[in-house]
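# Residue-level structural notes
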Amino acid sequence: MKTAEFNDQLVKLQDKLTCFALMLTTDEEKAKDLLQDTYVKALSNIDKFKEASNLKAWTYTIMKNIFINDYRKNFRYVLVFDSSDEAFLLNRSRNSSDIEPDSRLREKELLAAVERLPEEYKAPFKLLVEGYKYREIADLLDMKLGTVKSRIYFARKQLFDGLQGYIDRC
């Protein structure tokens, strides 16, 4: 595929990519940034795009991966504004003491639900929550990658089903 043709097809996807970015970020400015990052990554990796593949799926995957990677990076830190005369931002690790009392109760309920999972599902799920990737979990638990993925899927399903009444209350 020629670069001009690739660019034209990419521009035609702008509306759909914008909707997807809004769905992921729920913020217009962040969605615009995500769309821009997706375009940059797609254009800089045009050589990796195979002509017979689906451009829409390829760009959606790029966008989703950028969003997930940014989320993981930002999840570890909270920016706190210091209102002193210097007025600067401090990076601070998340502290569980900052959690509101009702959030602590919800957290305890969620943790209890995780603890009720069968051990075969609980171990991979906990590692995923701690930030390990599927491949790392498979290596740590000496399992096949497909087994890890299916156990995490079933753990999520059991948690969702078990917490359905709780979700309806919130």
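In this report, we go over the structure that sits alongside the text. Treat the numbers as computed from the prediction; the structure is a model and nothing was measured. (Residues numbered from 1 in each chain as written. Predicted model: local features only at pLDDT ≥ 70, side-chain atom pairs only at ≥ 80, totals over all residues. Heavy atoms only, no water.)

### Details of a negative patch on the surface
Taken together, the side chains of Asp 27, Glu 28, Asp 33 and Asp 37 present a region of like negative charge at the surface. Structurally, Glu 28 can be placed in helix H3 (residues 28–44). (Patch = residues over 30% accessible without salt bridge, like charges linked within 9 Å, V, L, I, M, F, W, Y side chains within 5 Å. Areas by Shrake-Rupley, 256 points an atom, 1.4 Å probe, with all protein chains shown as cover. Salt bridge = Lys/Arg side-chain N within 4 Å of Asp/Glu carboxyl O. Lys, Arg positive; Asp, Glu negative; His and termini not counted. Charge placed at Lys NZ, Arg CZ, Asp CG, Glu CD. Helix = DSSP H or I, 4+ residues; strand = E, 2+ residues; numbered from the N terminus.)

### A closer look at the side chain of Thr 25
Among the structural elements, Thr 25 can be located in helix H2 (residues 14–25). Residue classification places Thr 25 among the buried residues on the basis of a relative accessible area of 13%. A distance of 2.8 Å separates a polar atom in the side chain of Thr 25 from the backbone oxygen of Ala 21. Among the polar contacts made by the side chain of Thr 25, one reaches the main-chain carbonyl oxygen of Asp 27 at a distance of 3.1 Å. In this structure Thr 25 touches Lys 30, Ala 31, Leu 34 and Phe 67, once residues within four positions along its chain are discounted. (Buried < 20%, exposed > 50% of the residue type's maximum accessible area, 1.4 Å probe, protein only. Polar contact = N/O pair within 3.5 Å; in protein donor to acceptor, adjacent residues only side chain to side chain. Contact = heavy atoms within 4.5 Å.)

### Focus on the layout of surface pockets
Gaps between atoms show up when a probe of the same size as a water molecule is rolled over them. Taken as a whole, the second largest pocket spans an internal volume of roughly 320 Å³. As for the second largest pocket, its lining consists of 12 residues, of which Lys 30, Phe 67, Asp 70, Tyr 71 and Asn 74 are closest to the centre. Elements that contribute at least two residues to the lining of the second largest pocket include exactly H2, H3 and helix H4 (55–75). The leading source of residues in the lining of the second largest pocket is H4, at 6 residues. (1 Å grid on protein atoms, 1.4 Å probe; cavity = no way out; pocket = protein on both sides within 12 Å on 5 of 7 lines; lining within 4 Å. Points joined across faces, edges and corners; volume = space filled by probe spheres on them.)

### Some remarks on the nonpolar core
Residues Phe 6, Leu 17, Leu 55, Trp 58 and Met 63 are the most contacted members of the largest nonpolar core, which totals 17 residues. At the level of elements, helix H1 (3–12), H2, H3 and H4 are the ones that each hand at least two residues to this core. Excluding residues that lie within four positions of it along the chain, Leu 55 makes contacts with Phe 6, Gln 9, Leu 10, Leu 13 and Phe 49. Judged by nonpolar contacts, the second largest core, of 14 residues, contains Val 114, Tyr 121, Ile 152 and Ala 155. (Core = buried A, V, L, I, M, F, W, Y, C linked by side-chain atoms within 4.5 Å.)

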